[in-house]
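Each chain, letter by letter, is given below.
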Amino acid sequence: MTGFIIALISGALMSIQGVFNTGVTKQTSMWVSTGWVQLTAFLTCIILWYFSGRENISGLFDVQPKYLLIGGVMGAFITYTVVRSMGTLGPAKAALIIVISQIIVAYAIELFGLFGVEKVGFEWKKLIGAVVAIIGIMIFN
């Protein structure tokens, strides 16, 4: 149940953040806004790290495979794409499409066992669920 509640909070925060970031972008620029998001996220992580146990930072040098370390780069582009999509489509439509994309890509990662994730078997019900979600977007549109 905890994971479900955290996922609900995550989705809500992503939607609110997208609206906030779009507002900042309208008053500054895309990369100023994105940079601000990443900088404040970094500062928040430093503060939380300081108060939560201070694990050894040098562990980053031991991470394998090294491509796992580009999450921050992806984060900048996630911010960029969320802001652009919310600015052109509106928050509700953008969030729907973003979530469907997340579901499809996450299932493909599991299905093919990409990036070290445990491989799962194909299930028709998951494919049907994705198709129903896509149809839902078309109806919402």
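Just so we're clear, the structure is a prediction, and the values are computed from it rather than from any experiment.

Asks: Can you break down helix α3 (residues 71–89) residue by residue, with the values?
Replies: Helix length check: α3, at 19 residues, gives a terminal C-alpha distance of 26 Å against a target of 27 Å (1.5 Å per residue), a fit within 8%. For α3, the complete set of buried residues consists of G75, A76, T79, V82, V83, S85 and M86. Where α3 is buried, its residues meet α1 (2–27), α2 (30–51) and α4 (91–112). Looking at the residues trailing α3, positive phi occurs at G90, about 95°.

Asks: Which residues make up the UniProt feature "transmembrane region" (unreviewed entry) in the protein, and what values go with them?
Replies: The sites that UniProt annotates as "transmembrane region" (unreviewed entry) are residues 31–51, 63–83 and 95–117. Structurally, residues 95–117 comprises 78% helix and 0% strand, and the distance from its first C-alpha atom to its last is 25 Å.

Asks: Can you lay out the environment of V82 for me, pointing to particular residues and giving the numbers?
Replies: Mapped onto the fold, V82 is located in helix α3. For the pair V82 and Q17, spaced 65 residues apart in the sequence, the C-alpha separation amounts to 9.2 Å.

Asks: Tell me what's going on with the pattern of salt bridges, and back it up with residues and numbers.
Replies: In this structure the tally under the stated criterion is two salt bridges. E123 is the partner of K125 in a salt bridge, and the nearest nitrogen-oxygen pair spans 3.8 Å. Under the relative-accessibility criterion, E123 is labelled partly exposed at 30%. We note a salt bridge from E123 to K126, for which the minimum N-O separation is 3.8 Å.

Asks: So what about the packing of aromatic side chains? Which residues, and what values?
Replies: Tallied over the full model, the rule gives five aromatic pairs. Their ring planes at 80° and their centres at 6.1 Å tell us that W31 and F77 sit as a pair that is edge-to-face. Of this pair, W31 sits in helix α2 while F77 sits in helix α3, and the two are 46 residues apart along the sequence. Measuring from ring centre to ring centre gives 5.1 Å for W31 and Y80, while their planes differ by 5°; the resulting arrangement is stacked. Here the residue W31 occupies a position in helix α2, and Y80 occupies one in helix α3, the gap between them amounting to 49 residues. Grouped by ring-pair contacts, the aromatic residues W31, F77 and Y80 constitute a single cluster.

Asks: Please provide a residue-by-residue account of the layout of surface pockets, values included.
Replies: If you add up the space inside the largest pocket, you get close to 600 Å³. Only α1, α2, α3 and α4 provide two or more residues apiece to the lining of the largest pocket. Per-element tally for the lining of the largest pocket: the top contributor is α1, with eleven residues. Of the residues assigned to the lining of the largest pocket, the class counts are 14 nonpolar, twelve polar and no charged. In this model, the second largest pocket occupies a volume close to 310 Å³. Forming the boundary of the second largest pocket are Q38, F42, C45, I46, W49, I57, L60, L69, G71, G72 and G75. It is α2 that provides the largest number of residues to the lining of the second largest pocket, a total of five residues. When grouped by side-chain class, the residues that make up the lining of the second largest pocket number seven nonpolar, four polar and no charged.

Cut-offs applied
Going along each chain's sequence as written, the residues are numbered from 1 onward. Only residues with pLDDT of 70 or above have their local features reported here, since the model is predicted, and side-chain atom pairs are shown and tallied only from 80 upward, although totals for entire chains, interfaces and linings are computed over all residues. Hydrogens and water are ignored here; the side-chain numbers use all heavy atoms of the structure. Only runs of H or I of at least four residues qualify as helices and only runs of E of at least two qualify as strands under DSSP, and these elements are numbered from the N terminus. By definition here, a helix of n residues has an expected span of 1.5 Å times n minus one. Residue exposure (1.4 Å probe, protein chains only): buried if accessible area is under 20% of the type maximum, exposed if over 50%, otherwise partly exposed. Residues count as neighbours in contact if any of their non-hydrogen atoms are within 4.5 Å of one another. UniProt positions are given in the numbering used here, feature names are shortened, and annotations may be inferred rather than shown by experiment. Salt bridges, as used here, are contacts in which a Lys or Arg side-chain nitrogen is within 4 Å of a carboxyl oxygen on Asp or Glu. Think of it this way: a Phe, Tyr or Trp ring, Trp meaning its six-membered ring, pairs with another when their centres are within 6.5 Å, and the plane angle makes it stacked under 30 degrees, edge-to-face over 60, tilted otherwise. Cavities and pockets are defined on a 1 Å grid built over the protein atoms alone: a cavity is a set of grid points where a 1.4 Å probe fits but cannot escape, while a pocket is an open set with protein on both sides within 12 Å along at least five of seven lines, and lining residues are those with an atom within 4 Å of any such point. Grid points are joined across faces, edges and corners, and a volume is the space filled by probe spheres set on the points. Side-chain classes are defined by residue name, with Ala, Val, Leu, Ile, Met, Phe, Trp, Tyr, Cys and Pro counting as nonpolar, Asp, Glu, Lys and Arg as charged, and the others, Gly among them, as polar.

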